[in-house]
Amino acid sequence: MKTKFFGLIGSAWGQRITFFAAIMIVMAIFQPVFFSWSNLLSILFAIAIYGIMACGMLFVVLVGGIDFSIGSMAALSACIALTFTSHNAYSDGSVIIAILISLSVAIVVGVIHGLFDAVLKLPAFVVTLATQYMLYSLADMHIGSKYVHLTDTNNLYYAIGNLKVFSIPMPVIIFIVFAAITAFVLTKTTFGRRLYAAGGNRRAASLVGINTKLYTVCAYIICAVAAAISGIVLSSMNLTASYVTARGYEGTVMMAVVVGGVNIMGGQGSVSGVIFGALLVGVLNNVIILLGISTDYSELVQGVVIVAAVALNVYGATKKRRII
Amino acid sequence: MRSEEIVLRAEGIRKQFNGIEVLKGVDLEIRAGEVNALMGENGAGKSTIIKIISGVYEKDAGQIYIGGKAVEIKTRQDARRYGISVIYQELSLVPSLTVTENIFLGQEIMRRGLPDRRAMKNRVCALIDTYGFDLKENALVGSLGMAKRQMTEILKALSQDAKLLIMDEPTSALSAAETEKLFETMNGLTARGASVLYISHRLEEIYRMADRLTVMRDGSVVGILDKTEITPEKVTTMMIGRELKQTQKRSVRRSDSQCLEVKNLSYKKLLTDISFCAYGGEILGIGGLVGSGRTELIHCIYGSAKKSGGSITLRGKPLSGRVRRNIKNGFGLVPEDRRSEGFFAVLPVERNINIASYDFLSAFGAFVKRRQEIANAENAIDKYDVRPAMRNIPVENLSGGNQQKVVLGRWLSRDLNVLLLDEPTAGVDVGVKADLYSYIRELADNGAIVIMVSSDLEELTNVSDRILVVREGKIFAELTGGEATQTAVLLASSGIREAEGDAE
């Protein structure tokens, strides 16, 4: 009985649940306002944006890569989509077309990242860090001013970020749908099976007939598109986009992925883990604000929690009994 | 420069691992200024004795004498202090540093608390001059070829006043020209009175370089030959011992219609004009030395290496050059290096077994049929006795033998026409080996074509029905029936035909 209990605590989910329980108790004592509907809703909003990006990032990390350009990808696609929704010389203001243009740009970026990683074999870390700056610059050049605003609040674009269905906000629905699709692709399709294999051991994967280059490129495309979607959702929520939209999100998303137990070397990780990671990061940000911890310390607290979570993951992994 | 002075003498060295005696009282004697070659089959105990001399393992019994004095070598530092250095196969150099920096890494000559670059440079230049090496002291190690990297390693040893250098198959990664260079280096060493303990599988190198040859078998030294006494027959007989002829005669039902034909195959500069047929029902063994092109041959057939010329046909139809297409047509490959090419360490057993079979484990090639997937994996685990019999644990948590069962099970759970095996039982314990052989034999008995590359002579001769020996990218010999003895394979690998008994 006793070993079973400790077994649960020792398992990844046991730790996660324990962790959340601890946060809940602390909040219940010090800041019951945490549990108010409006606060929970604001957490959900944040998690939705991080969560969509993290699901995309999951594909790339599973295949053994990394993408640091997702924040700027979100900014660029938000800027592109928003400018094309307003009537001007290039556009009749069709929201669908604007979004499609924006997502096409993301696909192109994903293909470029994928080719750099899979074909030219340059370190993804460096390549995506470089494209991060390039995409910010492109976003800036594209809008040609500091901000672009969403003026028409009656169109589809406004609905993406602000509509509620059965009082559930649209961004949350988009996140849930995206996560569900990700989970389906990763666990129920041959694409998912082969993606894990390609990330687990590229050479072995190619020896069982998997086109690892193709899978790598696909992963980067999915990641860029996820970033673009979250950028569009974010700009709709904020009614504005600029080249600082989603700035720095890649760090938060990486935290969510790592805290979610995804193996940064590839081949290991799950959607449920990543959702947990996004939840943790979202809740943590919120808790820090509610507890009145000054922003000077908030990043410190985040860092400590991340290291603790990762240490727990690694420690848990090495402790696993070796079965001969 | 050979003298009768003895640098190192080992007496009655014994070593056990998990109750299995690996060294059964080994005596070894190395004289000053000689190249002493050490030969023996895989598992004869060569590496173990080296590791004991160099302080990696501790011996269970016996005594080592250096320069006539009894010494205890307990750590690598001890060995280094007594002037023993090992030139490792995976070189331990830092590519981004220069030759000099590598040589003095961790033992820099200091002056006023700072590394004295000039002193170190002078020391290295002096060493290079003394031994006549063709090496620049300020070259970046990363820009050097394998031979020069080995020279650097050797210099590093010499800078620590090594009297005995141990080289474990140093030529396996070298080209012919680089091998020449290494031999020159070795001659330079012995001319200056240093000794070399040289381990190699290549008979021709031994004839050329060795002053004396020590042959090991099953954990003991079975003979010491002087340079003039070294002949291929003597060496192979000593290495193999009395060869047990196969008692039970296998009835091979070879089906000539099921035929994989390789014609005039060439691959880069590694394979030239290879032609042979492999038939259903038989296990075709491929022997030869590491680096002779055996592995490349297998990969050309499988489609994972692109042949430069020639044709490969199965039942008269040319093969696809694509792995995926070939797998669909019933091909399977168990690659040489399990860990880096065979299995997916972090993925569960189940995924490792099923990964090549989604052509029939999915609907429309896209959606996984979960129930069949589980059934397929559990079936393979059960049939091939993978232990522990759990489909959800990562393969990295299994023992080597069970990992290989998983890799083999991946292919055997499919309808196979052709199974290609490259060192199928490397690092697998004896019990599991027998299991693996029986699975392979069963597959052949069911009419599949099996081609098996192996360096393990016993395995090669006992398991295969027919053996091709590859040497320097060509098929040197085909051995069938009674000819297919370990001696014949070993001689053919070194370019000697048993009937004639002459070197090529």
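All figures in this text were calculated on a predicted structure; none of them were measured in a lab.

Caption draft 1: Main features of the pattern of salt bridges. This model, assessed by the stated rule, comprises 31 salt bridges over all chains. The partner of B:Glu350 in a salt bridge is B:Arg370, and the shortest N-O contact between them spans 2.5 Å. Of the two residues, B:Glu350 is situated in helix H12 (residues 349-354) and B:Arg370 in helix H13 (residues 370-383); the sequence distance between them amounts to 20 residues. For B:Arg370, a relative accessible area of 36% puts it in the partly exposed group. Through salt bridges with shared partners, one network takes in A:Arg193, B:Glu350, B:Arg370, B:Glu373, B:Glu378 and B:Arg391.

Caption draft 2: The sheet that holds strand S9 (residues 164-168) of chain B, seen in detail. Residue and element names in this part refer to chain B. Strand order in this open sheet of 6 strands is S6-S9-S10-S3-S11-S12, and the pairing throughout is mixed. Of all strands in the sheet, those bounded by a partner on one side alone are strand S6 (84-87) and strand S12 (220-226). Here the average twist between neighbouring strands, direction ignored, is 20°. Relative to the sheet, helix H1 (residues 46-53) contacts strand S3 (35-39), S6, S9, strand S10 (195-199) and strand S11 (212-217), its axis offset from that of S3 by approximately 135°. The strands touched by helix H6 (residues 176-191) are S3, S9 and S10; relative to S10, the strand with the most contacts, the crossing angle is about 145°.

Caption draft 3: Expanded view of the packing of aromatic side chains. The final tally for this structure, using the stated rule, is 8 aromatic pairs over all chains. Considering the side-chain rings of A:Phe184 and B:Phe367, the 5.9 Å spacing of their centres and the 50° angle between planes classify their relative orientation as tilted. One end of the pair, A:Phe184, is in helix H8 (residues 170-188); the other, B:Phe367, is in strand S20 (residues 367-368), on a second chain. Taking the relative accessible area as the measure of exposure, A:Phe184 reaches 38% and is therefore partly exposed. Residue B:Phe367 is classed as partly exposed on the basis of its relative accessible area of 37%. The side chain of A:Arg247 reaches across the aromatic face of A:Tyr136, ending 3.8 Å from its centre. Cation over ring: B:Arg351 sits above A:Tyr196, and NZ or CZ is 5.4 Å from the ring centre.

Caption draft 4: Local environment of the interface of chain B and chain A. Between chain B and chain A, the residue contacts involve 35 residues of the former and 27 residues of the latter. Summing both sides of the interface, chain B and chain A together bury roughly 2400 Å²; the carbon and sulfur share of this comes to 58%. Where chain B meets chain A, there are 2 salt bridges. The residue B:Glu373 makes a salt bridge to A:Arg193 at a minimum N-O spacing of 2.5 Å. At the junction of chain B and chain A, the tally comes to 10 residue pairs in polar contact (both at pLDDT 80 or more). Considering each element in turn, the side of chain B that touches chain A owes the most residues, 4 residues, to helix H11 (residues 338-342) of chain B.

Caption draft 5: Spotlight on the confidence of the model for chain A. Residues and elements named next belong to chain A. Here chain A averages 84 in pLDDT, and 90% of its residues register 70 or above. Taken element by element, chain A is modelled with least confidence in helix H1 (residues 2-10), mean pLDDT 48, and with most confidence in helix H9 (residues 190-200), mean pLDDT 95. In the predicted structure, residues 1-9 sits below a pLDDT of 50 and forms 5 contacts with residues beyond four places in sequence or in another chain. Contacts for the low-pLDDT stretch residues 318-324, under 50 throughout, to residues beyond four places or in other chains number 10 contacts.

The rules behind these values
- Residues numbered from 1 in each chain as written.
- Chains lettered and ligands numbered in written order.
- Predicted model: local features only at pLDDT ≥ 70, side-chain atom pairs only at ≥ 80, totals over all residues.
- Heavy atoms only, no water.
- Salt bridge = Lys/Arg side-chain N within 4 Å of Asp/Glu carboxyl O.
- Helix = DSSP H or I, 4+ residues; strand = E, 2+ residues; numbered from the N terminus.
- Buried < 20%, exposed > 50% of the residue type's maximum accessible area, 1.4 Å probe, protein only.
- Pairing = 2+ DSSP bridges.
- Axes fitted to C-alpha atoms, helices over the stretch in contact; angles between N-to-C directions.
- Contact = heavy atoms within 4.5 Å.
- Phe/Tyr/Trp six-rings, centres within 6.5 Å; stacked < 30°, edge-to-face > 60°.
- Lys NZ or Arg CZ within 6 Å of the ring centre and 35° of its normal.
- Buried area = accessible area lost by both parts, 1.4 Å probe.
- Polar contact = N/O pair within 3.5 Å; in protein donor to acceptor, adjacent residues only side chain to side chain.
- pLDDT = per-residue confidence, 0-100.

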